[in-house]
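Residues per chain are reported as follows:
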Amino acid sequence: MMQQAISAISEWMLPLLVGVILLHGMVKRVPIYSAFVDGAKGGFGTSVRLIPHLIAMVVAVSVFRESGAMDLLVKCLRPILHWLHIPAEVAPMGILRPISGQGSLAMMIDIFQKHGPDSWLGILASTMQASSDTTLYILTVYFGSVGINRFRYALKVGLLSDFISVLASVFAVSLFSGMIHF
Amino acid sequence: MIDFIWLTLFLSGIVIAMFTGNMSHVANAILKGAESGVQLSIGLISAIALWLGLMNIAQQAGAVGWLSARLRPVARFLFPSVPPEHPAMGAILANMSANLLGIGNAATPLGLQAMRELQTLNPDKETASEAMCTLLAVNTASITLIPTTVIAMRMQYHSAHPTAVVGTTLVASAIGTVAAIALDRMYRTIDRRRRGKA
């Protein structure tokens, strides 16, 4: 019941939001069609400005992954992650999450296929994927769109909070599966 | 900072490829990576244009102003350097609302709009302002009510309880967001001190 309600909400959210925005605009006598077209014009320029930034970052991440450097990094960090009670199966995913959203999504699916989406690991992988975002991509896109080259402390904050998100995911899943009692 | 990370990704990849014999993969990755970088950018046009269009309607109808008024106390705490009446505040609030609702493809265009507005307040156009860093911290940790993509993936892999992760995601992302805001404050203070001395 609860579950049905939530999946219904996530399906309805987008169409309802669009409907509400249009209707509200109409009621407030906004010329909705021309207002939409006027606003949408900005989309092209913004996307085009991003091209050089995304090429730079995606090429670097691809090189890092395809060379086997990513696998090596995961192997080196495994003992530390083990010590923090992060299961070895999701460790590569946690490391990949801030660097490549597609990559970590692929790893989540891999865990689904091996262990099932409703297994403890499946739930943990889902939570890790959902509770954080691709920090490197967001930084590239956001700063790239306005031409900022010096990120100051933003990357440090992003990566540290990603790490905390992984720990928080392990904590939350343990909490919900009854492994931690208060 | 970004130079260093960029170089590290490339150099470590190339050096390690020498030992693993993956050099042909790396060569391929350079070309393919450039290609998917372009595809990613072009792919964003649709979502950005759609949401900027809808937001323009909402803005002219006064909806953005209304939402800003409701969330103003939170935003004032998070972004003390942005004047409350500045359009940047409206864009920031719209971006935060989209994140909260889990409409990820709306959050990015709205976030980019916020960055554009914040850039008008930024004295040094090539260096991130404090408000920008905070916006990024809030976005990378993105507190999520309904993780739409992950739920869809779980359904596709025949999960008996696809929405079982809503609660865990909410707890984990709330902790992550609080941590991100705290870290942002901490590093901002450190950064100010360092700049004060210099």
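Residues numbered from 1 in each chain as written. Chains lettered and ligands numbered in written order. Predicted model: local features only at pLDDT ≥ 70, side-chain atom pairs only at ≥ 80, totals over all residues.

The helix and strand tally for chain B stands at eight helices and zero strands. For chain B, buried positions account for 47% of its 198 residues. Counted over contacts in chain B with a minimum sequence separation of 6, partners at least 24 positions apart contribute 62%. (Helix = DSSP H or I, 4+ residues; strand = E, 2+ residues; numbered from the N terminus. Buried ≥ 20, exposed ≤ 12 C-beta atoms within 10 Å, placed from the backbone. Contact = placed C-beta atoms within 7 Å.)

Moving on, we get to the overall build of chain A. Helix and strand counts for chain A stand at nine helices and zero strands. Taken from the N to the C terminus, the helices and strands of chain A come in the order α-α-α-α-α-α-α-α-α. On the principal axes, the C-alpha backbone points of chain A span a range of 60 × 50 × 30 Å. For chain A, buried positions account for 49% of its 182 residues. Taking the intrachain contacts of chain A between residues at least 6 apart in sequence as the baseline, contacts between residues at least 24 apart amount to 58%.

The positions that UniProt labels "domain: Nucleoside transporter/FeoB GTPase Gate" (unreviewed entry) are, in the present scheme, residues 48–148 of chain A. As annotated, residues 48–148 of chain A comprises 77% helix and 0% strand, and the C-alpha atoms at either end are separated by 16 Å. (UniProt positions renumbered as here; feature names shortened; annotations may be inferred.)

This part covers helix α4 (residues 69–83) of chain A. Residue and element names in this part refer to chain A. In this model α4 runs 22 Å from its N-terminal to its C-terminal C-alpha over 15 residues, within 8% of the 21 Å that 1.5 Å per residue would give. Taken as a whole, α4 carries its principal kink of about 45° at L77; the proline P79 stands between one and four residues after it. Following α4 by one or two positions, H85 adopts a phi angle in the positive range, close to 65°. (Expected span 1.5 Å × (residues − 1). Bend = angle between axes of the 7 residues up to and from the residue.)

Looking now at the UniProt feature "transmembrane region" (unreviewed entry) in chain A. Residues and elements named next belong to chain A. When the UniProt feature table is mapped onto this chain, "transmembrane region" (unreviewed entry) is found at residues 12–30, 50–68 and 159–180. Counted over residues 12–30, helix gives 84% and strand 0%. Its end C-alpha atoms are 25 Å apart. Segment residues 50–68 splits into 89% helix and 0% strand. End C-alpha atoms: 28 Å apart.

On to the interface of chain A and chain B. Taken residue by residue, the interface counts 87 residues in chain A and 92 residues in chain B. Listing elements by their share of the side of chain A that touches chain B, those giving two or more residues are α1 (2–27), α2 (32–40), α3 (42–66), α4, α6 (101–115), α7 (120–131), α8 (135–145) and α9 (154–176) of chain A. For the side of chain A that touches chain B, the leading source of residues is α3 of chain A, giving 18 residues. Grouping the constituent residues of the side of chain A that touches chain B by class yields 52 nonpolar, 26 polar and nine charged. (Nonpolar A, V, L, I, M, F, W, Y, C, P; charged D, E, K, R; others polar.)

Residue and element names in this part refer to chain B. Between its first and last C-alpha atoms helix α2 (residues 23–60) spans 54 Å; for 38 residues at 1.5 Å apiece the expected length is 56 Å, and the two agree. I45 marks the point of greatest bend in α2, at about 30°. Positive backbone phi, approximately 90°, marks G62, located one or two places after α2.

This part is about unusual backbone geometry. Trans peptide bonds make up the majority, and among non-glycine residues the majority have a negative phi. Located in the positive-phi region is R152 of chain A, a residue other than glycine, with phi close to 50°. Among the secondary structure elements, R152 of chain A is positioned in the loop between α8 and α9. Positive phi, close to 55°, is recorded for H158 of chain B, a residue that is not glycine. For H158 of chain B, a count of 11 C-beta atoms within 10 Å translates into the label exposed.

Here we take up the UniProt feature "transmembrane region" (unreviewed entry) in chain B. All names here are of chain B. Under the present numbering, the feature "transmembrane region" (unreviewed entry) in UniProt falls on residues 6–31, 43–68, 133–153 and 165–187. End C-alpha to end C-alpha, residues 6–31 measures 16 Å, and it is 92% helix and 0% strand. End C-alpha atoms of residues 165–187 are separated by 32 Å, and the span's content is 100% helix alongside 0% strand.

So, about the packing of α9 of chain A against helix α6 (residues 130–141) of chain B. Relative to each other, α9 of chain A and α6 of chain B sit at 25°, their axes nearing to 9 Å. Classed by the angle they form, the pair α9 of chain A and α6 of chain B counts as roughly parallel. The two elements α9 of chain A and α6 of chain B meet at a crossing, and its hand is right-handed. Contacts from A154, V157, G158, S161, D162 and S165 of chain A in α9 of chain A reach C133, L136, A137, T140 and A141 of chain B in α6 of chain B. A breakdown of the residues in the contact of α9 of chain A with α6 of chain B according to their chemical character gives six nonpolar, four polar and one charged. (Axes fitted to C-alpha atoms, helices over the stretch in contact; angles between N-to-C directions. Parallel < 35°, antiparallel > 145°, perpendicular 65-115°, else oblique. Left-handed = near helix turned anticlockwise from the far one by under 90°.)

Assigned domains within chain A: domain 1 (1–40) and domain 2 (50–176). With centres defined by C-alpha atoms, the gap from domain 1 of chain A to domain 2 of chain A works out at 32 Å. (Domains from an automatic or database assignment.)

What follows covers the environment of T140 of chain B. With respect to the element layout, T140 of chain B can be found in helix α6. Put simply, T140 of chain B and A180 of chain B are 40 residues apart on the chain and 8.4 Å apart in space, counted from C-alpha to C-alpha.

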